[in-house]
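Single-letter residue listing:
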Amino acid sequence: MKAEKKESQKTNSQEDEKQKADNQSRYTHVSHTFQPVFNEESRVLILGTFPSVKSREGMFYYHHPQNRFWKVVAGLCGEETPRTIDEKKQMLLRNRIAIWDVIASCDIIGSSDSSIKNVTPADLNRVLSRTDIREIFGNGQKACALYRKYCQKDTGREITALPSTSPANAACSLEQLIERWKPVLQVFHVEGPDEYFTG
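What counts as what
- Residues numbered from 1 in each chain as written.
- Predicted model: local features only at pLDDT ≥ 70, side-chain atom pairs only at ≥ 80, totals over all residues.
- Heavy atoms only, no water.
- Buried < 20%, exposed > 50% of the residue type's maximum accessible area, 1.4 Å probe, protein only.
- Helix = DSSP H or I, 4+ residues; strand = E, 2+ residues; numbered from the N terminus.
- Pairing = 2+ DSSP bridges.
- Contact = heavy atoms within 4.5 Å.
- Arc of directions from axis to C-beta.

**Regarding the pairing of strand β3 (residues 97–101)**
Argument step 1. With five of five residues buried, β3 lies mostly within the body of the structure.
Argument step 2. Relative to β3, strand β2 (residues 44–48) is paired through five bridges, and the arrangement is parallel. Each bridged residue has a counterpart across the sheet, and for Val 44 the counterpart in β3 is Ile 97.

**Brief notes about helix α3 (residues 69–77)**
Argument step 1. The buried fraction of α3 amounts to seven of the nine residues, a majority that puts the element mostly inside the structure.
Argument step 2. Each element contacted by the buried residues of α3 is listed here: β2, α4 (85–94), β3, β6 (135–139), α8 (174–180) and α9 (183–186).
Argument step 3. Just beyond α3, the residue with positive phi is Gly 78, at close to 70 degrees.

**Considering helix α6 (residues 141–150)**
Side chains of residues three or four places apart in an α-helix project in the same direction, reflecting 3.6 residues per turn.
Argument step 1. Burial in α6 covers these residues: Ala 143, Cys 144, Leu 146 and Tyr 147. Seen from one end, α6 has its buried residues packed into an arc of 165 degrees, which puts them on one side. In α6, those exposed residues whose orientation departs by more than 90 degrees from the buried face are Gln 141 and Lys 149.

Set out below in structure tokens:
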């Protein structure tokens with residue numbers, strides 16, 4: 001029995017090592033290759049984690065067709081959902097919203113936020129020092145956790161969690177997301193799209 005137990009433990013250990021090696025081979029070191037969107041009029045900063053594979057291919061934020069970020073922001077602002085990168089930038093700037101990601105580079109498997117390691121954080125003060133950002137929001141709990149771990153000590157600013165717009169957050173409908181993202185509007189002291197302050 002002891003011999004069988006030792007053999008079983010040895011087999012399990014070998015399988016664990018093989019799994020670790022397989023996972024390691026799937027990692028890629030990736031750097032963020034596009035710029036934050038902001039200007040001097042920006043008052044809200046919304047942070048993601050790191051660009052997905054689709055966003056890296058499209059060279060812009062939330063490029064996956066099932067990510068609802070652009071629909072949510074458009075719904076909050078009472079605008080049509082933008083389609084081109086330029087339209088997306090203009091909608092953000094028109095409504096004083098800045099966006100960026102917490103991570104500048106990392107090791108990652110595909111688009112899996114849970115696999116992220118060896119992180120180099122973004123220098124968020126590049127935005128914060130040139131704007132009057134009144135509140136920082138995280139698009140999902142993971143963005144907030146990464147911000148608190150890697151950035152908060154440098155910025156000295158709190159972050160407020162918003163439900164993720166990722167297609168993985170299927171529990172939230174688009175209407176629910178828009179409702180739960182309303183704290184973004186409250187920074188401008190308004191209640192909804194009809195009163196949204198863009199001046």
